[in-house]
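Here's the letter readout for the chains.
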Amino acid sequence: MKESHVKIKYLKVDNNTEWLSYQRRLPKELLGKAKQLGIKGTLVRPLDLTSCASTAKITAAIEACNEWRERVLRFLRATSAGSVSKSTAYKDAMAWLEARGITQGSLKVLTL
């Protein structure tokens, strides 16, 4: 992506830094449910790549983020706990936590 700046869907380029991120809005029909769960209407995720990365690496990272977004959408669309398997529920819950910026194990340090 050096100087050519090929147009890649869902790629967010920050003009202040060289780091790239993924940015994509949720479908309108899920915005209300997402808001209730504390998920913003636009999902943003860092790609851990700079603007010097190859187009192939950027495209692969975007595709991985699209898969992550689909897990978030599945989680939002799920209407009851009985409609999803245990492993799907776990993956969807992890995607929901990631969407809110919470990593696995980060809450272990909390004392009540």
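Look up a bit, the structure's there.
Residues numbered from 1 in each chain as written. Predicted model: local features only at pLDDT ≥ 70, side-chain atom pairs only at ≥ 80, totals over all residues. Heavy atoms only, no water.

**Student:** Explanation requested: the pattern of salt bridges in the structure shown.
**Tutor:** Here the idea is simple: oppositely charged side chains can pair when their charged atoms come close. Within the structure shown, the criterion is met by 3 salt bridges. Close ionic contact of E98 with R45 constitutes a salt bridge, the shortest N to O distance being 2.3 Å. You can see E98 sitting in helix α3 (residues 86–99) and its partner R45 sitting in strand β3 (residues 42–50), a full 53 residues away along the chain. Accessibility expressed as a relative area gives 32% for E98, which makes it partly exposed. Here E70 and R69 are joined by a salt bridge, their closest N and O atoms 3.6 Å apart. Residue class for R69 comes out buried when judged on its relative accessible area of 5%. (Salt bridge = Lys/Arg side-chain N within 4 Å of Asp/Glu carboxyl O. Helix = DSSP H or I, 4+ residues; strand = E, 2+ residues; numbered from the N terminus. Buried < 20%, exposed > 50% of the residue type's maximum accessible area, 1.4 Å probe, protein only.)

**Student:** Looking at this model, I keep getting lost on helix α2 (residues 55–77). Mind explaining?
**Tutor:** Along an α-helix, residues three or four apart share an orientation, since each turn contains 3.6 residues. Helix length check: α2, at 23 residues, gives a terminal C-alpha distance of 32 Å against a target of 33 Å (1.5 Å per residue), a fit within 8%. By the burial criterion, the buried members of α2 are I58, A61, I62, C65, N66, W68, R69, V72, L73 and L76. The secondary structure elements touched by the buried residues of α2 are β1 (11–13), β2 (19–25), α1 (31–36), β3 and α3. (Expected span 1.5 Å × (residues − 1). Contact = heavy atoms within 4.5 Å.)

**Student:** Is there a simple way to explain unusual backbone geometry in this structure?
**Tutor:** It is generally the case that most residues other than glycine have a negative phi and that most peptide bonds are trans. If you check the backbone angles, Y10 has positive phi at about 70 degrees while not being a glycine. Locating Y10 in the fold gives a position in the segment before β1. Positive phi outside glycine occurs at D48, with the angle close to 60 degrees. Here D48 shows up in strand β3. Accessibility expressed as a relative area gives 63% for D48, which makes it exposed.

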